[in-house]
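Each chain, letter by letter, is given below.
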Amino acid sequence: MKTMPDTNTIEFPKPAPDLAPALGTGGYRLSGTQGPTSARTARPVVRGSTALAPIEIDKLYPADKGYVSDLIAALGVLADAISLLEQARVAARNKEAITADRYWQRFQTLLPRLFMHRKIGDGYGAVINALHFACINQHGAPLSFEQLTTVWRVIKELRSAPVTSFEQALKYVQELEDCRLQVYPATISELIEEQEDE
Amino acid sequence: MPVSLSVADFKATNAVCELRYENAYLIYDRTGQVCHEARAFYTNCNVVTASPNQTIFQSDEGAFALELSQCRFSTNRPDASLEKFAGHCKTFFDSVTIHLDVRVFTRVGLRITFRKDFKDLEEAKAVLNSLKLVNLRAEERFGAAPEPHEVFLRWEGAQVGAMLRLKAESGKIDIILPPELEAEKSEIHKSFNGLILDVDYYTVAPVERSQLDASAWILRSVRTIRKNIDTILGK
């Protein structure tokens, strides 16, 4: 039984060639990303990573101003959003309500830009939509320290995993609701309440 | 005389993107679903070989391999920007990860082979050695040759890694056409000499499914690869 080559070693000549070798004509097969048709039967060990912590998002998608992709653009905006919310939290903790609200309002101005990148996925879109309606339904009222912390944490998690599933996004939305943010349009909330009354 | 090369001087001849994951035993139940989706999306998509642990299918866009612990898409005719390639990878990988319920990738790799043609092998070797990638005096080693005709380098950190291989290479293609074609020439012979630049850029730390957009990652990685190769070749 063949075993998979270690990431850092070179596998020496194999008698069974590929149907359509993808990797030059060298006398040995290099380990790493393989050609399309390597004939293997069993792989008892998966190598390539022994670390437990997932990769840092900025290592997976290094910042690049010259390249416009929804995901990479959104990561930049989300980083700005996290920074503003951190400052809002610090101000709220120090009982500086006006400063905290100023940072919160600056965060709100980023939402349209985040909304522009909803092509990233349904989960991402659901969280951004929820935050959009949370802002509208506040009607200008400032957020508490607890609410700011929840929004900050959700945005941080969204930035770490921007291609989040819709199911996971609903959990984030629930967390926002749990800290008394109205995350649905007012009309929908009214309709739901009416239906519940009936 | 040192030669300054850029990745723009090379032509991409092959591209492979590969995901590795812990054994995904749903492969035994859902390979057919992945093939079915691939047939709906890709042109002239047909299964080449199929076994419980490995299924290979081929389409006009490229070749797909679905295995117990990895899957990959490859093409021998990548588009210059690799945008189409990235789109094809994303569709295939999304299908695999959903059907096989893969949550974490132990390795995500992108391998691109570039080639620059020269008039003969000696010129390709001379260009490779003029890059001075290896700090060795030019004297005969192992009784073989004074200069290497292949250089292999690897950089690996805790998060990502990269392998770079440069090789002066020559090859020959001999094709004898079937007489039924009644072609003007019954045989085709072509020889080529060139410098092969083979790059494998990959993740070392695990990647969660919720982190990976294959298309965005490939296109970003292509920029990283091109930028870094230029700095290495141009120095």
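Since the model is a prediction, treat every value here as computed from it, not as a measurement.

Quick notes on the rules
- Residues numbered from 1 in each chain as written.
- Chains lettered and ligands numbered in written order.
- Predicted model: local features only at pLDDT ≥ 70, side-chain atom pairs only at ≥ 80, totals over all residues.
- Helix = DSSP H or I, 4+ residues; strand = E, 2+ residues; numbered from the N terminus.
- Buried ≥ 20, exposed ≤ 12 C-beta atoms within 10 Å, placed from the backbone.
- Contact = placed C-beta atoms within 7 Å.
- pLDDT = per-residue confidence, 0-100.
- Pairing = 2+ DSSP bridges.
- Axes fitted to C-alpha atoms, helices over the stretch in contact; angles between N-to-C directions.
- Expected span 1.5 Å × (residues − 1).
- Parallel < 35°, antiparallel > 145°, perpendicular 65-115°, else oblique.
- Left-handed = near helix turned anticlockwise from the far one by under 90°.
- Nonpolar A, V, L, I, M, F, W, Y, C, P; charged D, E, K, R; others polar.
- Core = buried A, V, L, I, M, F, W, Y, C linked by C-beta atoms within 7 Å.
- Arc of directions from axis to C-beta.

1. Observations concerning the overall build of chain A
A count of helical and extended segments in chain A gives seven helices and zero strands. Reading the secondary structure of chain A in the N-to-C direction produces α-α-α-α-α-α-α. Within chain A, buried positions represent 32% of all 198 residues.

2. Quick word on the overall build of chain B
Of regular secondary structure, chain B possesses four helices and eleven strands. Expressed as a percentage of the 235 residues in chain B, the buried residues total 44%. Across chain B, the fraction of contacts at a sequence separation of at least 24, relative to all contacts at a separation of at least 6, is 69%.

3. Section: the confidence of the model for chain B
For chain B, per-residue confidence averages 92 on the pLDDT scale, and residues scoring 70 or more make up 99% of the total. The least confident element of chain B is helix H3 (residues 121-130) of chain B, whose mean pLDDT is 90; the most confident is strand S6 (residues 104-105) of chain B, at 97.

4. Section: the environment of A:Glu56
Residues and elements named next belong to chain A. Turning to its location among the elements, Glu56 is positioned in the segment before helix H1 (57-60). By C-beta crowding, Glu56 is classed as partly exposed, having 14 other C-beta atoms within 10 Å. Between the C-alpha atom of Glu56 and that of Ala161, which follows or precedes it by 105 residues, the distance is 9.8 Å.

5. Concerning the sheet that holds strand S5 (residues 70-75) of chain B
All names here are of chain B. If you walk across this open sheet you meet the nine strands as S2-S3-S4-S5-S1-S7-S10-S9-S8, and the pairing is antiparallel. Every other strand in the sheet has two partners, leaving strand S2 (46-51) and strand S8 (150-156) as the edge strands with one partner each. Averaged over all pairs of adjacent strands, the angle between their axes in this sheet comes to 15°, without regard to strand direction. The sheet contact formed by strand S1 (residues 11-20) and S5 spans six bridges and is antiparallel.

6. Some words on helix H3 (residues 97-116) of chain A
The end-to-end C-alpha distance of H3(A), which contains 20 residues, comes to 30 Å, matching closely the 28 Å that a straight helix rising 1.5 Å per residue would cover. Elements in contact with the buried residues of H3(A): helix H2 (70-93), helix H4 (122-138) and helix H5 (145-160) of chain A.

7. Comments concerning the confidence of the model for chain A
Residue and element names in this part refer to chain A. When the pLDDT values of chain A are averaged, the result is 80; 72% of them are 70 or greater. When the elements of chain A are averaged for pLDDT, helix H7 (residues 186-197) gives the smallest value, 70, and H5 the largest, 97. Of the regions scoring below 50 in pLDDT, residues 38-46 engages in 21 contacts with residues more than four places distant in sequence or in other chains.

8. Concerning the packing of helix H1 (residues 27-41) of chain B against helix H2 (residues 83-99) of chain B
Residue and element names in this part refer to chain B. H2 packs onto H1 with a crossing angle of 155° between their chain directions and a minimal axis gap of 10 Å. Judged by the inter-axis angle, H1 sits roughly antiparallel to H2. In this structure, H1 crosses over H2, and the sense of that crossing is right-handed. For the pair formed by H1 and H2, the contact residues are Arg30, Gln33, Val34, Glu37, Ala38 and Phe41 on the first element and Thr91, Phe92, Ser95, Val96 and His99 on the second. Its residues placed into classes, the contact of H1 with H2 shows five nonpolar, four polar and two charged.

9. Structural notes on the pairing of S2(B)
Pairing between S2(B) and strand S3 (residues 54-58) of chain B: five bridges, direction antiparallel. Note on S3(B): the bridge partner recorded for B:Asn46 is B:Gln58.

10. With respect to the environment of B:Glu147
Residue and element names in this part refer to chain B. Tracing the backbone shows Glu147 in the loop between H3 and S8. Glu147 gets classed as partly exposed once you count the C-beta atoms within 10 Å, which come to 17. Spatially, the C-alpha atom of Glu147 lies 42 Å from that of Leu68, the residues being 79 residues apart in sequence. With sequence-adjacent residues up to four places away left out, Glu147 is seen in contact with Lys125, Asn129 and Ala138.

11. Description of the nonpolar core
Of all hydrophobic cores here, the largest spans 102 residues; its most connected members are A:Ala88, A:Val127, A:Leu176, B:Phe64, B:Cys89 and B:Ile218. The biggest single contributor to this core is H2(A), with eleven residues. Setting aside anything within four residues of it in sequence, one finds B:Phe64 in contact with B:Ala38, B:Ile56, B:Phe57, B:Phe73 and B:Phe92.

12. Considerations on H5(A)
Residues and elements named next belong to chain A. The first and last C-alpha atoms of H5 sit 22 Å apart over 16 residues, in line with the 22 Å expected at 1.5 Å per residue. Those residues of H5 that fall on the buried side of the exposure criterion are Leu148, Thr150, Val151, Val154, Ile155 and Leu158. Looking straight down H5, one finds its buried side chains confined to an arc of 160°; they lie on one side. Tucked into the core, H5 has its buried residues touching H2, H3, H4 and helix H6 (166-178).

13. Some words on the environment of A:Phe115
Looking at the element boundaries, A:Phe115 is found in helix H3. Non-local contacts of A:Phe115, meaning those with residues more than four positions away in its chain, are made with A:Ile128 and A:His132.

14. Let's talk about unusual backbone geometry
All names here are of chain A. Non-glycine residue His139 carries a positive phi angle of around 50°. Structurally, His139 can be placed in the loop between H4 and H5. C-beta crowding within 10 Å serves as the criterion here: with 8 such atoms nearby, His139 is assigned to the exposed category.

15. Topic: the packing of H2(A) against H5(A)
Residues and elements named next belong to chain A. Their axes nearest at 9 Å, the elements H2 and H5 cross at an angle of 160°. Between H2 and H5, the crossing angle belongs to the class labelled roughly antiparallel. Crossing of H2 against H5: the hand is left-handed. Where H2 approaches H5, its residues Leu75, Leu78, Ala79, Ala81, Ile82, Leu85, Glu86, Ala88, Arg89, Ala92 and Arg93 are matched on the opposing element by Phe145, Leu148, Thr149, Val151, Trp152, Ile155, Lys156, Leu158 and Arg159. The class makeup of the residues in the contact of H2 with H5 is 14 nonpolar, one polar and five charged.

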